[in-house]
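# Coordinates in review
The chain contents come next:
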Amino acid sequence: MSEQPAVYVLPRDDPRQCADLDCLVIGGGPAGLTAAIYLARFNRSCVVIDAGRSRAAWIPTSHNYPGFPPGISGEALLARLREQAARYGVRLVPGTVSSLRTHALGFEVEQAGECFVARRVILATGIEDTLPRMADLEAAIAAGAVRLCAICDAYEVSGNRVAIYGEADGVISHAQFLRSFSDDVTAIVKGARPPSAQARALAEHFGIRLLQGDIRELHYQPGRGVAVVTTQGARECFEVLYPNLGARIRAELACGLGAGCDAGGALTVDEHQQTSVPGLYAIGDVVSGLNQISVAVGQAAVAATAVHNSLEARPWQRHD
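In short, a report on the structure. (Residues numbered from 1 in each chain as written. Predicted model: local features only at pLDDT ≥ 70, side-chain atom pairs only at ≥ 80, totals over all residues. Heavy atoms only, no water.)

Here we take up the packing of helix α1 (residues 30-41) against helix α8 (residues 293-310). Between two packed helices, the angle of one axis relative to the other and the distance separating the axes together describe the packing. Viewed as axis vectors pointing N to C, α1 and α8 meet at an angle of 35°, and their least axial separation amounts to 8 Å. As for the relative orientation of α1 and α8, their crossing is right-handed in sense. On α8, the residues touching P30, A31, T34, A35, Y38 and L39 of α1 are I293, A296, V297, A300, A301, A304, T305 and V307. Of the residues in the contact of α1 with α8, the class split is 12 nonpolar, 2 polar and no charged. (Axes fitted to C-alpha atoms, helices over the stretch in contact; angles between N-to-C directions. Helix = DSSP H or I, 4+ residues; strand = E, 2+ residues; numbered from the N terminus. Left-handed = near helix turned anticlockwise from the far one by under 90°. Contact = heavy atoms within 4.5 Å. Nonpolar A, V, L, I, M, F, W, Y, C, P; charged D, E, K, R; others polar.)

See the structure below:
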């Protein structure tokens, strides 16, 4: 007769039972809120700390997020996710995390004088786009004259006069993508360094117009688009402008614990979204990969499930 496997039951005074939370989520964008919803439905205690800087908030109307045929604004999507998380008892704390440290029970997190000890942490801190100086930038983004993600919304600019502004070779590759949607695409090459011969050949092959020179002035013209003046004296007007100036990856908290990053500074994770720091997970734009909401919420489901499975079982409880 085979021996039955031993069942390990945690004693009541086990220190692992003394953490404040099963999991703390840092970042209240679509990724972080989705992870919190999953965790709450797994009967795990969870708090979300949100600095209120989700990249999704810039979206005037998204038409490529599944399930919303008329489209949905980023703010409206975030509001729905916050409401759903709150219904399951997730505590949403506004503020910025000032410190993340390892702890005997998992991690210690400080925010505005409040300290949490969490057995697991999920980072959903995202990225911060580098945007051009433009007095009426928010109005231009709201109107769709300035756009931040061609993968998200190139369909909406079909047939428009489009410009992409950024460093030489990168901006031309983005222009190539947009040529599938418009016959009038200009790459405004930032800085004095000209495009490589390969990039120039690519631009010629795809019929991409090149304009060399930094942008000196940008003006939103309602109903017309964006007026551009370069340091070389060129004056142009485009119906749509895509800045391609890079972004700051908000990975500092994880890097402070020694988490691994790729060459671009994005956090590297395993198939369960766990970083190289045990118990620390990362999801969304802070992770290397395709920066899309649908990808971020998928990663959230994976991470939340992995967090749940990594913790010992607890007695079932009814929630009325």
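Still to come is the rest of the account.
Here the focus is the sheet that holds strand β13 (residues 235-238). In spatial order, the strands read β11-β12-β13; together these 3 strands make up an open sheet with antiparallel pairing. Edge positions in the sheet fall to β11 (215-221) and β13, since each has one partner strand and no second. The average undirected angle you get between the axes of adjacent strands in this sheet is 20°. Sheet topology places β11 next to strand β12 (residues 225-230); 6 bridges connect them, and they run antiparallel. Paired with L218 across the strands is V228, a residue of β12. (Pairing = 2+ DSSP bridges.)

Within a regular beta strand, the side chains point alternately toward one face of the sheet and then the other, so they alternate between its two faces. When strand β2 (residues 46-50) meets strand β3 (residues 91-94), the two strands line up parallel, connected through 4 bridges. Residue V48 lies in a different strand from β3, and its bridge partner there is L92. After leaving β2, the chain enters helix α2 (residues 74-87) and then returns to the sheet as β3, a path that is right-handed. (Right-handed = clockwise from strand over helix to strand, strands pointing away.)

Moving on, we get to the packing of α1 against α2. Two numbers describe how α1 lies on α2: the axes approach to 9 Å, and their chain directions differ by 20°. When the axis of α1 is compared with that of α2, the two are roughly parallel. As α1 packs across α2, the resulting crossing turns out to be left-handed. The segment α1 lies against α2, with P30, L33, T34 and I37 engaging L78, L81, R82, Q84 and A85. Across the contact of α1 with α2, the residue classes tally to 6 nonpolar, 2 polar and 1 charged. (Parallel < 35°, antiparallel > 145°, perpendicular 65-115°, else oblique.)

So, on to the pattern of salt bridges. Applying the stated rule across the entire model yields 18 salt bridges. The closest approach of N and O atoms between R179 and D183, which form a salt bridge, is 3.3 Å. By relative accessible area, R179 is classed as partly exposed at 23%. Put simply, D22, R44, R119 and E312 are held in one network by salt bridges that share partners. (Salt bridge = Lys/Arg side-chain N within 4 Å of Asp/Glu carboxyl O. Buried < 20%, exposed > 50% of the residue type's maximum accessible area, 1.4 Å probe, protein only.)

Before going further, it helps to examine helix α5 (residues 168-178). All buried positions along α5 are accounted for by A168, V171, I172, A175 and L178. Each buried residue of α5 lies within a common arc of 110° when the element is viewed along its axis, so the set occupies one face. Structurally, α5 contributes buried residues whose contacts are with α4 (150-153), β8 (161-166), β9 (184-189), α6 (197-206), β10 (209-212) and β14 (240-244). (Arc of directions from axis to C-beta.)

Below, the discussion takes up the state of the cysteines. Here a disulfide denotes one covalent bond, and it connects the sulfur atoms of two cysteines. Overall, the coordinates contain 1 disulfide when judged by the stated rule. Sulfur-sulfur distance for the disulfide between C149 and C152 comes to 2.5 Å. Of note, the bridge from C149 to C152 carries an S-S torsion of about 75° and is right-handed in sense. Residue classification places C152 among the partly exposed residues on the basis of a relative accessible area of 26%. In this structure C46 is a free cysteine whose sulfur lies 5.5 Å from that of C23, the closest cysteine sulfur available. We classify C46 as buried; its relative accessible area is 7%. (Disulfide = S-S within 2.5 Å.)

Relative to the assigned elements, C115 resides in strand β6 (residues 114-123). With a relative accessible area of 36%, C115 lands in the partly exposed category. Separated by 15 residues in sequence, C115 and T130 place their C-alpha atoms 32 Å apart. Every residue in contact with C115, bar those within four places of it in the chain, is listed here: D20, E108, V109 and E110.

The next thing to look at is the packing of aromatic side chains. Applying the stated rule across the entire model yields 3 aromatic pairs. Residues Y65 and F68 carry aromatic rings whose centres are separated by 6.2 Å and whose planes lie at 25° to one another, so their mutual orientation is stacked. (Phe/Tyr/Trp six-rings, centres within 6.5 Å; stacked < 30°, edge-to-face > 60°.)

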